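Examination of the molecular architecture
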Amino acid sequence: MTYAITQTCCNDATCIAVCPVNCIHPTPDEPDFGRTEMLYIDPRSCIDCGACADACPVDAIFPADALAPGQEGYAAVNAGYYERRGPEPEAPAGPTFRSWGQPSFARSLPADFAPVRVAVVGTGPAGMYAAEDLLLHTNAEVTLVDRLPVAGGLVRYGVAPDHPATKRIGDSFARFHTHPRVRMYLGVTVGTDVSADELAAHHDAVVYAVGAAADRRLGIPGEDLPGSLSATAFVAWYNAHPEVAPDAVDLSGTERVVVVGTGNVALDVARVLVTDPEALAATDIADHALAALRASAVREVVLLGRRGPEDASCTASELLALGGLPGVRLVVDTHDERTWAAVEAAAPHEKAALLRGAERERVDWSAPPPPGPERRIVFRFHSAPEEIVPGAVRVTGTDPAVPTDIPAGTVLRAVGYRGTPLAGLPFDEATGTVPHEHGRVAGRPGTYVVGWIKRGPSGGIGANRTCAAETVGTLLADAVDGTLPPPSGGARAFDRLVRGRAGTVVDARGLAAIERAELARGDAAGRPRVKLGTVPELVAAARGRRRLRG
């Protein structure tokens, strides 16, 4: 028996570090690392020890002969990677299972290295990987700052609720919230409550891990009509983000939703829209979203792709999982003869081949979605939106001169995220990132970036681990070289400054009180968790800990 990695793989390589036989690839020192959609276990060399499954922070690894229904294809996905990769070089004879290279000490610091105080702005995966690196490999003191009164970032507000295993990476980060060398300031906005210069003046270094909070625009007429919104806002809505109102989405009056894009976010929102709401009730989806989905009239979601199925921007693992949704039909609109030709011509390991099991249909968009108990997801490739009109999306058709109107009450654009400028920092409008050199912000000594604000909105959760390692390495090199500007204020002065400016500051104990409150709400409702969806609710829960303690 061998193990297989499934679609919730986070790519952070924890499993690679514990494998005794080097059967998980690509490894961080291989060229393909960070370029493949997930990691893969070689069935030819796996010895069934289970070390990788024990270490996996998102529970993505299972015995291949015990994969859950709908996941059986991942055994072939893992094996297929090695068929394309070719044979592994033979290990040299010896008493060990694997060939070990020269030891590497990436965090080797001078014996007299003085502790540095580092502020990390943002408590999502990028910020927490940076904090983890600093806390585990140095004697640094870390100040965690977040504008929301609760930690988590993308893990809490970006991961789809029906991917609970992916959210478990948050448990790995949470252990650092109460670390003795960590101080936490949630509900504090850099640029409003405290300036970038003031933050820098109280720390040796500042690492910005603020992500890419905005969405990319389509740039077509009608984009701002009622019923047209970004997938970013929709994801935040069903994840109970306090900055998106419960009534921001109305699904009551439409049978069809059009999603522009074919990336993983597009697949996430399509999946949530057509999944049985009672299945979603077993997740931490927002209460208001669950109620809206239960009352929803949506029977069909259309995914628009400008190019063909061979160029769909979703990962193969997520596309494979989409085909196993109970009560949901997967359909490919064959309005363009190139679409199904690409599916049939695709090699077994290519993404387009995963659509061979879908139904083929030249969809009549003048008709409503077909009746029946099943819902459906329709892929329409070679079709770009030209205009959003009341009640429909006008898209390119088979004849470029004759556009097609697809009736839809809701249109979601899922064409990517974009970073926004940070007060006091340089910003590249073209890329939506902060200019940097290996994480060091140009023109601001002691200031660094990590995650999507550093490299753009690409890569999943685990990609932030290697990104953070580079940034922290640059920071520590600057500290050793003595180029970090010395702070003028200490920890106590910063505490007084922040608490005097911010309306409410949530610390680690307040965060723990929020956690208890949400779990208790979930227990009462028979769900794993019921999130608090507004800033006042979150703050009240954090303060409840203090009232209970008298």
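The sections below set out a description of the structure shown in this document.

Thresholds applied
- Residues numbered from 1 in each chain as written.
- Predicted model: local features only at pLDDT ≥ 70, side-chain atom pairs only at ≥ 80, totals over all residues.
- Heavy atoms only, no water.
- Helix = DSSP H or I, 4+ residues; strand = E, 2+ residues; numbered from the N terminus.
- Expected span 1.5 Å × (residues − 1).
- Buried < 20%, exposed > 50% of the residue type's maximum accessible area, 1.4 Å probe, protein only.
- Contact = heavy atoms within 4.5 Å.
- Pairing = 2+ DSSP bridges.
- Axes fitted to C-alpha atoms, helices over the stretch in contact; angles between N-to-C directions.
- Phe/Tyr/Trp six-rings, centres within 6.5 Å; stacked < 30°, edge-to-face > 60°.
- Parallel < 35°, antiparallel > 145°, perpendicular 65-115°, else oblique.
- Left-handed = near helix turned anticlockwise from the far one by under 90°.
- Arc of directions from axis to C-beta.
- Salt bridge = Lys/Arg side-chain N within 4 Å of Asp/Glu carboxyl O.
- Polar contact = N/O pair within 3.5 Å; in protein donor to acceptor, adjacent residues only side chain to side chain.
- Core = buried A, V, L, I, M, F, W, Y, C linked by side-chain atoms within 4.5 Å.
- Disulfide = S-S within 2.5 Å.

So, about helix H4 (residues 125-137). Between the first and last C-alpha of H4 there are 18 Å, a value that for 13 residues agrees with the 18 Å anticipated at 1.5 Å per step. Most of H4 sits inside the fold, with 11 of its 13 residues counted as buried. Of the positions making up H4, those classed as buried are Pro125, Ala126, Gly127, Met128, Tyr129, Ala130, Ala131, Glu132, Asp133, Leu134 and Leu135. Looking at the buried positions of H4, the neighbouring elements they touch are strand E5 (117-121), strand E6 (141-146), helix H5 (154-157), helix H7 (169-174), strand E7 (182-186) and helix H16 (463-481).

Bringing the sheet that holds strand E18 (residues 404-407) into the picture now. Here we have three strands laid out as an open sheet, ordered E16-E17-E18, and antiparallel in their pairing. Of all the strands in the sheet, just strand E16 (385-389) and E18 have a single pairing partner and so form its edges. On average, each strand axis in the sheet is tilted by 25° relative to the strand beside it, whichever way the strands run. Pairing of E16 with strand E17 (residues 392-395) involves four bridges; the strand directions are antiparallel. Bridge pairing links Glu387 to Arg394 in E17.

By the element assignment, Gly439 lies in the loop between strand E21 (436-437) and strand E22 (440-441). Residue class for Gly439 comes out buried when judged on its relative accessible area of 0%. Spatially, the C-alpha atom of Gly439 lies 6.9 Å from that of Glu470, the residues being 31 residues apart in sequence. The contacts of Gly439, once residues within four sequence positions are left out, are Thr447, Tyr448, Val449, Lys454 and Thr471.

Quick look at the packing of aromatic side chains now. Here the distance between the centres and the angle between the planes together describe a pair of aromatic rings. Taken as a whole and assessed by the stated rule, the structure comprises eight aromatic pairs. Ring centres of Tyr129 and Phe173 lie 5.0 Å apart, and the angle between their planes is 85°; this geometry places the pair in the edge-to-face category. With Tyr129 in helix H4 and Phe173 in helix H7, this pair connects stretches of sequence that are 44 residues apart. Like Tyr129, the residue Phe173 is buried in the burial classification. Between the aromatic rings of Tyr185 and Phe494, the centroid separation amounts to 5.4 Å while the plane-to-plane angle is 85°, which identifies the pairing as edge-to-face.

This part covers the packing of helix H9 (residues 231-238) against helix H10 (residues 264-274). The relative placement of two packed helices is expressed as an angle between their axes plus a distance between the axes. Where H9 meets H10, the closest approach of the two axes is 10 Å, and the angle between their N-to-C directions is 50°. With respect to H10, the element H9 is oriented oblique. Like other packed secondary-structure pairs, H9 and H10 cross with a definite hand, here left-handed. Where H9 approaches H10, its residues Ala231, Phe234, Val235 and Tyr238 are matched on the opposing element by Val265, Asp268, Val269, Val272 and Leu273.

Next up on the list: helix H14 (residues 337-345). Listed as buried for H14 are Thr339, Trp340, Ala342 and Val343. The arc that holds every buried residue of H14, seen down its axis, measures 155°, which confines them to one face. Across H14 from its buried face, at more than 90 degrees, point the exposed residues Glu337, Glu344 and Ala345. Check the buried side of H14 and you find it contacts strand E13 (328-333) and strand E14 (359-361).

Here the focus is the pattern of salt bridges. Scanning all chains against the criterion turns up 37 salt bridges. Among the ionic pairs, Asp162 bridges to Arg271, the shortest N-O distance being 2.6 Å. Here Asp162 is found in the loop between H5 and helix H6 (164-167), whereas its partner Arg271 is found in helix H10, with 109 residues between them in sequence. On the accessibility criterion, Asp162 (23% relative accessible area) is partly exposed. With its nearest N and O atoms 2.8 Å apart, the salt bridge here joins Asp333 to Arg380. One end of the pair, Asp333, is in strand E13; the other, Arg380, is in strand E15 (residues 375-380), and 47 residues separate them in sequence. Each member of the pair Asp333 and Arg380 is classed as buried.

Structurally, His203 can be placed in the loop between helix H8 (196-201) and strand E8 (205-208). The class of His203 is buried, set by a relative accessible area of 1%. Here the side chain of His203 touches Leu199 through a polar contact of 2.9 Å, landing on its backbone oxygen. With near-sequence residues (within four places) excluded, His203 lies in contact with Arg117, Val118, Ala119, Thr143, Pro485, Pro487 and Phe494.

Our next topic: the sheet that holds strand E10 (residues 228-230). Read across the open sheet, the seven strands follow the order E10-E19-E11-E12-E15-E13-E14; overall the sheet is parallel. Two strands bound the open sheet, and with one partner strand each, they are E10 and E14. Neighbour-to-neighbour, the strand axes of this sheet turn through a mean angle of 25°, independent of strand direction. Pairing between strand E11 (residues 256-260) and strand E12 (residues 300-304): five bridges, direction parallel. Opposite Arg256, over in E12, you have Glu300 as the bridge partner.

With that settled, the discussion passes to the pairing of E15. The buried fraction of E15 is high, at six of six residues. Burial along E15 is two-sided: the face carrying Arg375, Ile377 and Phe379 and the face carrying Arg376, Val378 and Arg380 are both buried. Inspection of the sheet shows E12 paired to E15 by five bridges, in the parallel sense. Along E15, the bridge assignment pairs Glu300 with Arg376. As defined by bridge partners, E13 adjoins E15 across five bridges and the pair is classed as parallel. Its bridge partner being in E15, Leu330 is matched across the sheet by Ile377.

A few words now on the nonpolar core. Counting 70 residues, the largest nonpolar core has Ile24 and Ile41 as its most contacted members. Element by element, the count of residues in this core is highest for H4, at seven residues.

In total, this model carries zero disulfides according to the counting rule given. Cys19 takes part in no disulfide bond, and the closest cysteine sulfur to it belongs to Cys23, at a distance of 3.6 Å. Of all cysteine sulfurs in the structure, the one in Cys9 sits closest to Cys314, which takes part in no disulfide; the separation is 16 Å.

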